[in-house]
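What follows is each chain in one-letter form.
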Amino acid sequence: MGQVLSVLDLQKVYEVKRSAFSVQKDLINALCGVSLELDKGKTTGIVGESGSGKSTLARCILLLERPDGGTISFLGRDLLNMPKGELKALRRQMQIIFQDPYSSLNPRKRIFDTIAEPLLFHGIVDRRDVKDKVMEILKNVGLDEDFINKYPHEMSGGQRQRVAIGRSLTTDPALIIADEPVSSLDVSIQAQIVNLFLDIKERTDIAMLFVSHDLNVVRFVSDEIVVMYKGRVVEAGLKDEVFLGPLHPYTKMLINAAKGEYSRREEDTSYDKGNGCPYYARCEERKDCCRESVPPLTGSKDHSVACFSVS
Ligand SMILES: Nc1ncnc2c1ncn2[C@@H]1O[C@H](COP(=O)(O)OP(=O)(O)OP(=O)(O)O)[C@@H](O)[C@H]1O
Ligand SMILES: [Mg+2]
């Protein structure tokens, strides 16, 4: 199995003004040492509540944003230190699918052009064959040929997301990053799109990072799971290891919440978040030592956790 992506100790800090007129700035550690690896044909689900850094991680890997530290290796190449010319060819091999397909599709373009343009631009097919190729891609994402003349506004959310997925497949990518790709869709449509991802996973050897706050969705599509909390990986491993034997109190809480058994401790804001475990204030299993330092991620490749309560 070839490795597609290896992220090591990724850091990203945002500076935000405390208020509109203030000169004081707050630092937000959106990513504090995130690492993960992804092999060909595999899907890793990234879960964590709002603000945990999931999208920041996605944007950094796609070089839509420059991380402040760490390394990203993609297809064996050091992404953060590449000559611009070579980067262009590599970027083609990674594609993103966003939450809202309406904003990611050009409203003035027919579906035919949306899919044909990257095919022609990258010289993947010549003009003579482009129509057949567009049809084939539409078919692969479950849309019939009538769609080629439609505009995004003439389609449903699920159909638009199918087009966005089809477009992402045009460049024959090694990696697709899907950031909450079903969250904006009706629940009844979500399952169809999730099944389409599963179908792509079975038919191709594309590696996928699948970001979602919905554990049931993630569980369905993923081989491995990464649980993020406040910019850190708190638990990671094979899907069944994490879902059937969660170790981190935060993961347990997420899984219970997904089952509807929700209990939540209010955040204790008096706690200085700089030194100890980021989850300390909400933790059901906290100990005194958890205030002293941030627990490191320990364990095996199959299952690792960052928690002092787990030994
Ligand atoms: N451009 C930015 N400028 C300043 N702060 C930012 C920026 N982007 C993200 N952040 C902050 O970084 C942290 C992580 O944000 P991020 O969007 O990555 O979280 P997320 O896990 O994707 O959340 P959600 O589930 O809501 O999409 C948050 O505290 C957020 O406010
Ligand atoms: Mg996000």
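Presented here is an overview of the structure given in this document. (Residues numbered from 1 in each chain as written. Chains lettered and ligands numbered in written order. Predicted model: local features only at pLDDT ≥ 70, side-chain atom pairs only at ≥ 80, totals over all residues. Heavy atoms only, no water.)

## A word on the site of ligand 1
Line of reasoning, step 1. Around ligand 1 sit 13 residues in total, of which Ser50, Gly51, Lys54, Ser55 and Thr56 are the nearest.
Line of reasoning, step 2. Take serine 52: an N or O atom from its main chain is 3.2 Å from an oxygen atom of ligand 1.
Line of reasoning, step 3. Side-chain polar atom of serine 55 to an oxygen atom of ligand 1: 2.8 Å apart, as the coordinates give it.
Line of reasoning, step 4. Within the complex, the protein chains bury 64% of what would otherwise be the 640 Å² of accessible surface of ligand 1.
Line of reasoning, step 5. For the shell around ligand 1, the secondary structure elements donating two or more residues are strand 1 (3-17), strand 2 (25-39) and helix 1 (54-61).
Line of reasoning, step 6. Ranked by residues supplied to the shell around ligand 1, first place goes to helix 1 with 4 residues.
Line of reasoning, step 7. When grouped by side-chain class, the residues that make up the shell around ligand 1 number 4 nonpolar, 6 polar and 3 charged. (Near = heavy atom within 4 Å. Polar contact = N/O pair within 3.5 Å; in protein donor to acceptor, adjacent residues only side chain to side chain. Areas by Shrake-Rupley, 256 points an atom, 1.4 Å probe, with all protein chains shown as cover. Helix = DSSP H or I, 4+ residues; strand = E, 2+ residues; numbered from the N terminus. Nonpolar A, V, L, I, M, F, W, Y, C, P; charged D, E, K, R; others polar.)

## Looking at the nonpolar core
Line of reasoning, step 1. The biggest cluster of nonpolar side chains holds 35 residues, and the ones touching the most others in it are Ile115, Val134, Leu138, Ile165 and Phe197.
Line of reasoning, step 2. Broken down by secondary-structure element, the contributors of at least two residues to this core are helix 4 (111-121), helix 5 (130-140), helix 6 (157-169), strand 7 (175-179), helix 7 (187-203), strand 8 (207-211) and helix 8 (215-221).
Line of reasoning, step 3. Counting residues in each nonpolar core, the second largest holds 33 residues, with Val34, Ala207, Leu209 and Val211 among its members. (Core = buried A, V, L, I, M, F, W, Y, C linked by side-chain atoms within 4.5 Å. Buried < 20%, exposed > 50% of the residue type's maximum accessible area, 1.4 Å probe, protein only.)

## Some thoughts on the environment of phenylalanine 112
Line of reasoning, step 1. Inspection of the secondary structure assignment puts phenylalanine 112 in helix 4.
Line of reasoning, step 2. Along the sequence, phenylalanine 112 and glycine 276 sit 164 residues apart, while their C-alpha atoms lie 53 Å from each other.
Line of reasoning, step 3. When residues no more than four places from it in sequence are discounted, the contact partners of phenylalanine 112 are Val130, Lys131, Val134 and Ile148. (Contact = heavy atoms within 4.5 Å.)

## A word on the packing of aromatic side chains
Line of reasoning, step 1. Taken as a whole, this structure holds 4 aromatic pairs when the rule is applied.
Line of reasoning, step 2. Considering the side-chain rings of tyrosine 229 and tyrosine 250, the 4.6 Å spacing of their centres and the 55° angle between planes classify their relative orientation as tilted. Taken together, the residues span a long stretch of sequence, with tyrosine 229 in strand 9 (residues 224-229) and tyrosine 250 in helix 10 (residues 249-258) at a distance of 21 residues. No difference in accessibility class separates tyrosine 229 from tyrosine 250, as the two residues are buried.
Line of reasoning, step 3. For the ring pair tyrosine 229 and tyrosine 279, a centre distance of 5.0 Å and an interplane angle of 90° mean the geometry is edge-to-face. Placement of the pair is tyrosine 229 in strand 9 and tyrosine 279 in the loop between helix 10 and strand 11 (298-299), with a sequence separation of 50 residues.
Line of reasoning, step 4. You can call tyrosine 279 buried: its relative accessible area is 2%.
Line of reasoning, step 5. Three or more aromatic residues joined by ring pairs make a cluster, and in this case those are Tyr229, Tyr250 and Tyr279. (Phe/Tyr/Trp six-rings, centres within 6.5 Å; stacked < 30°, edge-to-face > 60°.)

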